Structures are given as C-alpha cells and as structure tokens.
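Now for the letters of each chain:
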Amino acid sequence: MAVYTQVSAEALSAFLAKFDHGELVSAKGIAEGVENSNYLVDTTTGRFILTLYEKRVSADDLPFFMAMLDHLAIDGNPVPRALPDRSGALIHELCGRPACLIEFLTGVSVSHPTEAQARAAGAAMGSMHLSLARFSQERANTLGPDGWRALLDKCGRDLDAIEPGLFDTIGTAADAVVAAWPADLPRSVIHADLFPDNVLMLGDRVTGLIDFYFACTDVRAYDLAIMHSAWAFDAQGERYDAAVGKALVGGYVDRHPLSRAERSALPVLAQGACLRFLATRAWDWLNTPADALVTRKDPLAYWRRFEAYRKDDLFA
Ligand SMILES: Nc1ncnc2c1ncn2[C@@H]1O[C@H](COP(=O)(O)OP(=O)(O)O)[C@@H](O)[C@H]1O
Ligand SMILES: N[C@@H](CCOP(=O)(O)O)C(=O)O
C-alpha cells in the first residue's frame, strides 16, 4: 500500500474547503502504487483522487505534468486532469507535501492482459504519441541511461544482498546497453511508465491512462519498449507472452508509425527499460523504511526480463 503521508479528516476537510467540490464524506488510502500517497476521496458532489507527491516527484516538475495532462485531455486522450481550486490554483500543499485534487476515472487495471487488451493499450499509447508530437514543453529524463547507471552505482555492493554477484553482473550488462544505446531516433515527451497498473480498462476498452509522474523527453520508441517489458511478461518476469507482445506493438502501429530504425532499436531499448526499472526497484528494496505502508516490487523480475531480451529478439 502506498501511503507515505497520513492525512487527517480535519486536514482533508480544510483542503476541500478551498474547492467547489462539496464536503468530505469519506477518504481511503489506495493500496496500489509505490511512488506517491493516493487517497480515494468521496465528497457530497462526487469522487476524486487526492495525490500527495513523495519520493521521486519534484514539486518543480508538477506544472509540466499538469500542462501535459491538459494537452492530452484536450486532444481526447483519457487522462485525469488536476482540478483548480476557487482561485485557479492546481498545485497545493497538504501535510507538508505538494498535493493535487485529481479527476477520478472509471476502470480497473488488469493484472493478466489479454491480446485484445494489449492491442487497445498499445493503440492508446499510439494516440498519446500523436498528440504529444504537438506538445512543446520539455523535461529531461532523470532516469535515462546516466540516471539508472548512477542509481545502480549508488546501490553498489548492496545489490549482492538481493542476489549474490548481482553488482558485477549488472555492471557488465549496463556497459553493453549504454554502448549500444541509439542516439538519433525521434524524440518526444513520453509517459515512461505505462505499466498495466497505469492503464484503466473496462473490458477491452481503455478508460484511463494515469500516473504521468515519470513523463519526460526521450526516444519515443523507448516508451513502447518500456510498455512491452511491463505487459508481455508475467509479474515474476519468468514467462514471456509472445501473443500479448505482438498485439501491443500491433495496436501501437495501428495509430502511430514505427520506422525501420525504431523497430530494430526496440530490443536494446527494452534492455535499457529493464535496467531502469531494476535500478529503482533495487534502490527501493534496499532503502524503503520499515514502517512505510508500501509493497516493494521485486527487482529480480526485471533482471529475468533483461535476460529474455538479451537472449532472443522478442520483437521479431
Ligand atoms: N485519476 C484516477 N482515477 C482513478 N483511479 C486512480 C487515479 N489515479 C490513481 N488511481 C488509483 O490509484 C492507484 C495508484 O495510483 P498511481 O498514480 O499509480 O500511484 P503511484 O504514483 O504511487 O504509482 C492506481 O493504481 C489507481 O488504482
Ligand atoms: N512501474 C514501476 C514503479 C512505479 O510504480 P507505479 O505504481 O508508479 O507504476 C515498477 O513497476 O517498478
């Protein structure tokens, strides 16, 4: 469960009093997620998400994320916007954290995507990329190859506590990926974390794309590679589902073109994606406070995926 900051009913009522969205009826900490504190808030006029930004989200980046969400929503993408208070402010402070009141979107995230769901989710990313081609703001990726390499170095030999020998094995793998990293593919703002838990669905229909707080400017095909690594394997990273992987890429290209150069870079981009998520998961595994209400995610599930991408071309 990801609730790092406890918000009292009194503090939440005072916060809601700044908005025209009714009075507090109930609030529950949301079990899913690892980065921020999220509450499901019911008021006398509707249902909302309250997010308090923690850990890796800098308050300085919030205006970028909010502008991106507005841009995508105007283009008809199913993304949640932050709601302004009576003075027009979107970004607030609550219990010492930056906080936003956010539109609630219906739908559930799937844990075992079917081919049809993967195709729909890939198409949703394709549409999002078409829209982002016209979004002019930029944000550097702090978790690009330099960022995840530095994070792995910061974990250092403690990585061996996760699995003996991991520090050396990953170091060699990271060197190879960094050396092969494509420099000249098309770039744009990307989501950079479009895992199944960040796509809300009703049946085979995508009803929500959420959690844009890693969004950044990077190689556009890297977004698809991240998504592939998250959607086409089981949670342990042990079993690859070729049909789901194919459907995901197929859905994407139904909406957005993928050049030959982008296609042939997907295997190395996917390996980079694996090391990036392995790095943050390993850091969190080693550094999450014992009293945090959060379920840590298994770093080795991303090492297994990495080995699968290194062994075979899963995009062939
Ligand atoms: N706008 C929203 N509408 C509906 N549910 C949401 C919304 N935002 C977040 N959630 C719910 O909260 C959970 C955690 O949100 P998420 O943004 O993924 O958190 P984190 O940033 O901590 O990873 C999601 O899995 C989803 O169940
Ligand atoms: N998706 C990442 C971690 C970020 O968690 P999210 O709940 O914000 O998607 C992972 O699985 O390692």
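Source: prediction; values computed, not measured. (Residues numbered from 1 in each chain as written. Chains lettered and ligands numbered in written order. Predicted model: local features only at pLDDT ≥ 70, side-chain atom pairs only at ≥ 80, totals over all residues. Heavy atoms only, no water.)

**Q** For the overall build of the protein, give the residues involved together with the corresponding values.
**A** Regarding its fold elements, the protein presents 10 helices and 9 strands. Compactness check: the protein gives a C-alpha radius of gyration of 19 Å against a globular reference of 20 Å for 316 residues, within 12% of the reference. With respect to the three principal axes, the spread of C-alpha positions in the protein is 55 × 45 × 35 Å. A buried classification covers 54% of the 316 residues belonging to the protein. Accessible surface, the protein as shown: approximately 13,800 Å² in total, 51% of it carbon and sulfur. Of the charged side chains in the protein, 30 are positive and 41 negative; the average position of the first set lies 3 Å away from that of the second. (Helix = DSSP H or I, 4+ residues; strand = E, 2+ residues; numbered from the N terminus. Rg over C-alpha atoms; globule rule 2.2 N^0.38 Å. Buried < 20%, exposed > 50% of the residue type's maximum accessible area, 1.4 Å probe, protein only. Areas by Shrake-Rupley, 256 points an atom, 1.4 Å probe, with all protein chains shown as cover. Lys, Arg positive; Asp, Glu negative; His and termini not counted. Charge placed at Lys NZ, Arg CZ, Asp CG, Glu CD.)

**Q** Provide a residue-level description of the site of ligand 2, including the pertinent values.
**A** Surveying the vicinity of ligand 2 reveals the residues Gly-33, Val-34, Glu-35, Asp-193, Phe-195, Asp-197, Asn-198, Asp-211, Phe-214, Phe-277, Arg-281 and Lys-297. Between ligand 2 and Asp-197, the relevant distance is 3.4 Å, taken from an oxygen atom to a side-chain nitrogen or oxygen of the residue. Contact with the protein chains hides 96% of the accessible area of ligand 2, taken as 330 Å² for the molecule alone. Taking a 2 Å distance to the grid points as the criterion, the majority of the atoms of ligand 2 fall inside the largest pocket. Looking at the shell around ligand 2, you find at least three residues from each of domain 1 (9-103) and domain 2 (115-311). (Near = heavy atom within 4 Å. Polar contact = N/O pair within 3.5 Å; in protein donor to acceptor, adjacent residues only side chain to side chain. 1 Å grid on protein atoms, 1.4 Å probe; cavity = no way out; pocket = protein on both sides within 12 Å on 5 of 7 lines; lining within 4 Å. Sits in = over half its atoms within 2 Å of the grid points. Domains from an automatic or database assignment.)

**Q** Could you give an account of the domain arrangement of the protein, with specific residues and numbers?
**A** Taken domain by domain, the protein comprises domain 1 (9-103) and domain 2 (115-311). Using only C-alpha atoms to locate each centre, domain 1 and domain 2 end up separated by 26 Å. Taken together, the contact between domain 1 and domain 2 spans 23 residues of the former and 27 residues of the latter. Buried area between domain 1 and domain 2, summed over both chains or domains, comes out near 2,100 Å², and the portion from carbon and sulfur atoms is 66%. Across the contact surface, domain 1 and domain 2 share 3 salt bridges. Connecting domain 1 to domain 2 are 8 residue pairs in polar contact (both at pLDDT 80 or more). Ranked by residues supplied to the side of domain 1 that touches domain 2, first place goes to helix α2 (residues 62-74) with 8 residues. Among the residues making up the side of domain 1 that touches domain 2, the classes are represented as 14 nonpolar, 4 polar and 5 charged. (Contact = heavy atoms within 4.5 Å. Buried area = accessible area lost by both parts, 1.4 Å probe. Salt bridge = Lys/Arg side-chain N within 4 Å of Asp/Glu carboxyl O. Nonpolar A, V, L, I, M, F, W, Y, C, P; charged D, E, K, R; others polar.)

**Q** Give me the lowdown on the pairing of strand β2 (residues 37-43), citing residues and values where you can.
**A** Across the 7 residues that make up β2, a large majority, 6, are buried. In this sheet, β2 lies alongside strand β1 (residues 24-29) in antiparallel orientation, the contact comprising 5 bridges. Note on β2: the bridge partner recorded for Leu-24 is Thr-43. Both β2 and strand β3 (residues 47-52) contribute to a ladder of 6 bridges, which runs antiparallel. Each residue of the ladder has a partner; that of Ser-37, found in β3, is Leu-52. Counted between consecutive antiparallel strands, the loop separating β2 from β3 contains 3 residues. (Pairing = 2+ DSSP bridges.)

**Q** How would you sum up the environment of Ala-270? Please name residues and give values.
**A** As for its placement among the helices and strands, Ala-270 is situated in helix α9 (residues 260-287). Linking Ala-270 and Leu-224, residues 46 residues apart in sequence, is a C-alpha distance of 8.5 Å. Each residue touching Ala-270, except ones within four places of it in the same chain, is listed here: Ala-225, Tyr-309 and Phe-315.

**Q** Run through the layout of surface pockets, naming residues and quoting values.
**A** There is about 990 Å³ of room inside the largest pocket. Around the largest pocket, the lining comprises 43 residues; the ones closest to its centre are Glu-32, Gly-33, Asp-197, Asn-198 and Ile-210. At 6 residues, α9 tops the list of elements feeding residues into the lining of the largest pocket. Among the residues making up the lining of the largest pocket, the classes are represented as 20 nonpolar, 10 polar and 13 charged. A volume near 780 Å³ is recorded for the second largest pocket. Lining the second largest pocket we find 31 residues, and of these Val-110, Ser-111, Pro-196, Asp-197 and Ala-235 sit closest to its centre. Every element with two or more residues in the lining of the second largest pocket is listed here: α7 (220-231) and α10 (300-311). With 3 residues, the top contributor of residues to the lining of the second largest pocket is α10. (Points joined across faces, edges and corners; volume = space filled by probe spheres on them.)

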